[in-house]
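# Working through the structure, step by step
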Amino acid sequence: MIHIARILLLILIVSGIALSQDAEGLYTQGEEYFSQGRFADAHFSFTKYIEYNPDSAKGYISRGNTFIFLKIKDALSDFDKAISIDPKNYKAHSGRGTAYIYMQNGEEALKSYNKALELNPKDVVSMNSIAVIFYGEGKTAEALGYLDKAIKIQPDNVDSYKNRGSMRLFNGDTTGALDDLNKAVELGPNRVDVYNTR
């Protein structure tokens, strides 16, 4: 009888490990689909991942990112769920900020991005997003300040150079704009949006 109990326990342990590996495979597959722009497929993979890991903030964050391209209000729900699981996850707050941007609510977006920066002062994604919001509000100096800081923190970030170059161009600094946009092309030679901006 003890021998059968040990075998059953071993089967349960092996099954649990296999399910965990399957779940991580689903997550990895979702990331691959997302990077290819296959958002519906990524959404499906992340949803299946969440079924195995309902308390995973990263699952909800990743699925929320797909919802930004599929159904924006559901994105907000997923980011809120991720925050309820892990309130100190800066990516969840940054993602929520992006959802608010797509919902055209700049005030709430700024709150979320600022919370992300409070949790991770080196979050260049949130810095870029705040810069774009400020620039849209006519706060050019503040916008450029965020981008300067982002570039100091992560000097290989294509978006920081692209955004700063665009802002410089529209403010008449063609030399600075060209320097930034050339740097963006150098760092992101396969990014069409960078060439289009230049």
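Residues numbered from 1 in each chain as written. Predicted model: local features only at pLDDT ≥ 70, side-chain atom pairs only at ≥ 80, totals over all residues. Heavy atoms only, no water.

### Here's the deal with the overall build of the protein chain
What counts is decided by this rule: Strands here mean DSSP runs of E at least two residues long; helices mean DSSP runs of H or I at least four residues long; both are numbered from the N terminus. Relative accessibility under 20% of the residue-type maximum defines a buried residue, over 50% an exposed one, and the middle range a partly exposed one, all with a 1.4 Å probe and only protein chains included. The contact criterion used is simple: two residues touch if any of their non-hydrogen atoms lie within 4.5 Å. For the accessible areas, the method is Shrake-Rupley and the probe is 1.4 Å, while residue cover comes only from the protein chains on display.
Across its full length, the protein chain carries 11 helices and zero strands. In the protein chain, which comprises 198 residues, the share counted as buried stands at 38%. Within the protein chain, residue pairs in contact and separated by at least 24 positions form 42% of the contacts whose partners lie at least 6 positions apart. Counting every atom, the protein chain has about 11300 Å² of accessible surface; 55% of that belongs to carbon and sulfur.

### Structural notes on the nonpolar core
Applicable threshold: Definition of nonpolar core: a set of buried residues of the types Ala, Val, Leu, Ile, Met, Phe, Trp, Tyr and Cys, connected through side-chain atoms within 4.5 Å.
Judged by nonpolar contacts, the single largest core of 35 residues is most densely connected at Tyr49, Ala75, Phe79, Ala82 and Ile130. For this core, the leading source of residues is helix α7 (residues 124–136), giving six residues. What Ile130 contacts, discounting residues up to four positions off in sequence, is Leu110, Tyr113, Asn114, Leu117 and Tyr146.

### Some remarks on the packing of aromatic side chains
Spelled out, the test is: Two rings from Phe, Tyr or Trp (for Trp, the six-membered ring) form a pair when their centres sit within 6.5 Å of each other. Planes less than 30 degrees apart are called stacked, planes more than 60 degrees apart edge-to-face, and all others tilted. Charge over a ring is defined by NZ of Lys or CZ of Arg lying within 6 Å of the ring centre and within 35 degrees of the ring normal.
Following the criterion strictly, the structure yields six aromatic pairs and no others. Centroid distance Phe34 to Phe39: 5.2 Å. Interplanar angle 65°. Geometry classified as edge-to-face. Plain terms: the ring middles of Phe39 and Phe69 are 4.1 Å apart, the flat faces sit at 5° to each other, and that makes the pair stacked. Of this pair, Phe39 sits in helix α2 (residues 39–52) while Phe69 sits in helix α3 (residues 57–70), placing them 30 residues apart in sequence. Judged by its relative accessible area of 46%, Phe69 is partly exposed. Lying across the ring of Tyr27, Lys58 places its NZ or CZ 4.2 Å from the centre.

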